[in-house]
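Tertiary structure, described
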Amino acid sequence: MSVPATTITFQLSNGQPAQTHVAAPGESVLDVALNNGIQLQHNCGGVCGCSTCHIYVNSGGEHLPEISDKEEDFIDRAENPRINSRLACQCIVAANTQLVVTIPPQHFLGH
Ligand code: FES
């Protein structure tokens, strides 16, 4: 019997169709996006030190780790923060979870 997989469905803001990918427990949403060629900025390298990996978690958010004060501070500085905003590098997925996230438009300004 196979173990039910953890999947992340990425809804993209660049006009591309949504993509669903399997994630290993312990991976972050940022890891899974980058491993599958989905553009998501990560200026601090995934250490909760920026707000460029900002995403919206549309469903499954209750299975993610609690949001930290530091993450909340950076989300406040992100573009268009909403109640379901998270930083993708801080969203470590658990086993047997189905997540649906939206990647906001990515602006590549300078480097
Ligand atoms: S990559 Fe900087 S906070 Fe996630």
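Only a predicted model underlies this, so the values are computations on that prediction, with no experimental measurement involved.

Rules behind the numbers
- Residues numbered from 1 in each chain as written.
- Predicted model: local features only at pLDDT ≥ 70, side-chain atom pairs only at ≥ 80, totals over all residues.
- Heavy atoms only, no water.
- Disulfide = S-S within 2.5 Å.
- Buried < 20%, exposed > 50% of the residue type's maximum accessible area, 1.4 Å probe, protein only.
- Helix = DSSP H or I, 4+ residues; strand = E, 2+ residues; numbered from the N terminus.
- Contact = heavy atoms within 4.5 Å.
- Phe/Tyr/Trp six-rings, centres within 6.5 Å; stacked < 30°, edge-to-face > 60°.
- Lys NZ or Arg CZ within 6 Å of the ring centre and 35° of its normal.
- Arc of directions from axis to C-beta.

1. A word on the state of the cysteines
Scanning the model with the defined rule gives zero disulfides in all. Unpaired in this structure, Cys48 has its nearest cysteine sulfur neighbour in Cys89, at a distance of 5.8 Å. Of the residues examined, Cys48 reaches a relative accessible area of 5% and is grouped as buried.

2. Brief notes about the side chain of Ser28
Among the secondary structure elements, Ser28 is positioned in the loop between β2 (19–23) and α1 (29–35). The contacts of Ser28, once residues within four sequence positions are left out, are Ala88, Cys89, Cys91 and Ile92.

3. Here's the deal with the packing of aromatic side chains
Using the criterion set out here, one finds zero aromatic pairs in the structure. Taking NZ or CZ as reference, Arg82 lies 3.9 Å from the ring centre of Tyr56, over its face.

4. Quick notes on helix α2 (residues 69–77)
Regarding α2, the residues found buried are Glu71, Phe74 and Ile75. Along α2, the residues classed as buried sweep out an arc of 105° about the axis, all on the same side. When the buried face of α2 is taken as reference, the exposed residues oriented beyond 90 degrees from it are Asp69, Asp76 and Arg77. As for α2, its buried residues are in contact with β4 (85–87).

Bear in mind that shape data such as this cannot, by itself, settle questions of function.
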